[in-house]
Amino acid sequence: MLIRSKRGWELPESAVTPEPLYLSRRGLIGGAAGLAAISATVPAAPALAQAAPATDPTADLYPARRNASYTVERPLTAEDVAANYNNFYEFGTSKRVARAAQALPIRPWSVVIDGLVEKPQTIDIDSLIRRMPLEERVYRFRCVEAWAMTVPWTGFPIKALMDMVQPLGSAKFVRMETFGAQPWAPGMRSPWYSWPYVEGLTIDEAAHDLSILVTGIYGKPAPRQHGAPLRLIVPWKYGFKAVKSIVRISFTSERPVSFWERLQGGEYGFWANVNPAVAHPRWSQATEELIGGGGRVPTQIYNGYGEYVAPLYKDRQNERLWA
Ligand code: MTE
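Conventions adopted
Per chain, residue numbering runs from 1 following the sequence as it is written. This being a predicted model, a pLDDT of at least 70 is required before a residue's local features are given, and a value of 80 or more before pairs of side-chain atoms are given or counted; all residues contribute to the totals for chains, interfaces and linings. Remark: hydrogens and water are excluded; side-chain values derive from all non-hydrogen atoms of the structure. Geometry of aromatic contacts follows a simple scheme: Phe, Tyr and Trp rings, the Trp one being its six-membered ring, pair when their centres are within 6.5 Å, and the pair is stacked under 30 degrees between planes, edge-to-face over 60, tilted otherwise. Numbering of helices and strands runs from the N terminus, with a helix taken as a DSSP run of H or I at least four residues long and a strand as a DSSP run of E at least two residues long. For each residue, the accessible area found with a 1.4 Å probe, counting protein chains only, is set against the maximum for its type, and the residue is called buried under 20%, exposed over 50%, and partly exposed in between. When checking whether two residues touch, look at their non-hydrogen atoms; a contact exists if any pair is within 4.5 Å.

**Describing the packing of aromatic side chains**
- Inspection of every chain in the model, using the stated rule, returns 27 aromatic pairs.
- Here W271 and Y313 contribute two aromatic rings whose centre-to-centre distance is 5.9 Å and whose plane-to-plane angle is 90 degrees, an arrangement assigned as edge-to-face. Within this pair, whereas W271 is found in the loop between α9 (259-264) and β11 (287-290), its partner Y313 is found in the segment after α10 (306-309), the two being separated by 42 residues in sequence. Here W271 matches Y313 in class, with each residue buried.
- An angle of 15 degrees between the planes, with centres 5.7 Å apart, marks the rings of Y302 and Y313 as stacked. Of this pair, Y302 sits in the loop between β12 (295-298) and α10 while Y313 sits in the segment after α10, and the two are eleven residues apart along the sequence.
- Residue classification places Y302 among the buried residues on the basis of a relative accessible area of 7%.

Spelled out as structure tokens, the structure:
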């Protein structure tokens, strides 16, 4: 029996376009109208406290020592602003998913680490966190929708996890995956996304010191809406690379196809490095809106991290590095 459900591209734009596309199309193409539109979507006041679980079993590890190597010239985004302006499609397409995300059960939680490694394992999140060298880092964060924030993440370099599982020489990529369909994640009932949320890096990108797996934010365990208990942060790439609530990390020989790439490959590719000179097919990436009222500022190539990461791409100039 063939059951034909309408595909995304057959539905009206307002009904189907993921919010990053839809809002941006309406408001971000430039000019005053665009600024007005994004300002209207940024909450001015807290709607919900940043709900780190009071009983988090690793709470004693926070705040972690701050690594001063990476400094940021911008003021920190207010904690309540960051905690109430999120993308977490498993809980809905609005930015106001913080409340819905409180349904995410973050303990017990285990992470499968498999694929091309010497030591595949399934590890309990608390054991993992306690084994890893936690530290705090303040990074710029740039969403492909042209909004940005500056926040103190707590986490550890992916390289430390690689040292634990020992990737084989044949491992060329790292694939990371969020939980699969769950009754408490209403956004996953949406028929036009291909769950689970998947992202990936090359092994060189993953081993770069800037690439971290995040467990906390603002000196505390991360609240659920930020991707507790474990999410990726790669600050020179657009924010959609930063997969949340990871349950599986696989080392592979083949390049993974990510969530957005599968949905709209013409607009969201594998590399997704920030570049103000390369517009998204439907809007400019030249500037970004600092959420919480910081105004609009120029976007920097590699989100300002070029001095650290540009060498990763010197032999890849013929690839689509910027989308
Ligand atoms: N991870 C999952 N599992 N689901 C998502 O919808 N959204 C991505 C990324 N990670 C997303 C995700 C996008 S588009 C962005 S911009 C960031 O998370 C937002 O992170 P924040 O809500 O902590 O600011």
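After that view, the rundown keeps rolling.
**Observations regarding unusual backbone geometry**
- In this structure, P63 follows Y62 across a cis peptide bond, with omega equal to -10 degrees.
- With respect to the helices and strands, P63 occurs in the loop between α3 (31-41) and α4 (79-82).
- With an omega dihedral of 0 degrees, the bond running from W195 to P196 counts as a cis peptide bond.
- Looking at the element boundaries, P196 is found in the loop between β5 (173-178) and β6 (198-202).
- Its identity is not glycine, yet S245 carries a phi of approximately 45 degrees, on the positive side.
- Its location among the elements puts S245 in the loop between β9 (231-233) and β10 (246-252).
- For S245, a relative accessible area of 0% corresponds to the buried category.
- Residue A272 is not a glycine yet carries a positive backbone phi of 55 degrees.
- Along the polypeptide, A272 turns up in the loop between α9 and β11.
- For A272, a relative accessible area of 0% puts it in the buried group.

**Details of the environment of F240**
- Following the sequence through the fold, F240 ends up in the loop between β9 and β10.
- A relative accessible area of 7% means that F240 is categorised as buried.
- Taking the C-alpha atoms as reference, F240 lies 8.5 Å from A272; in sequence the two are 32 residues apart.
- Those residues in contact with F240, other than ones at most four positions away along the chain, are V144, Y197, E199, W260, Y268, G269 and A272.

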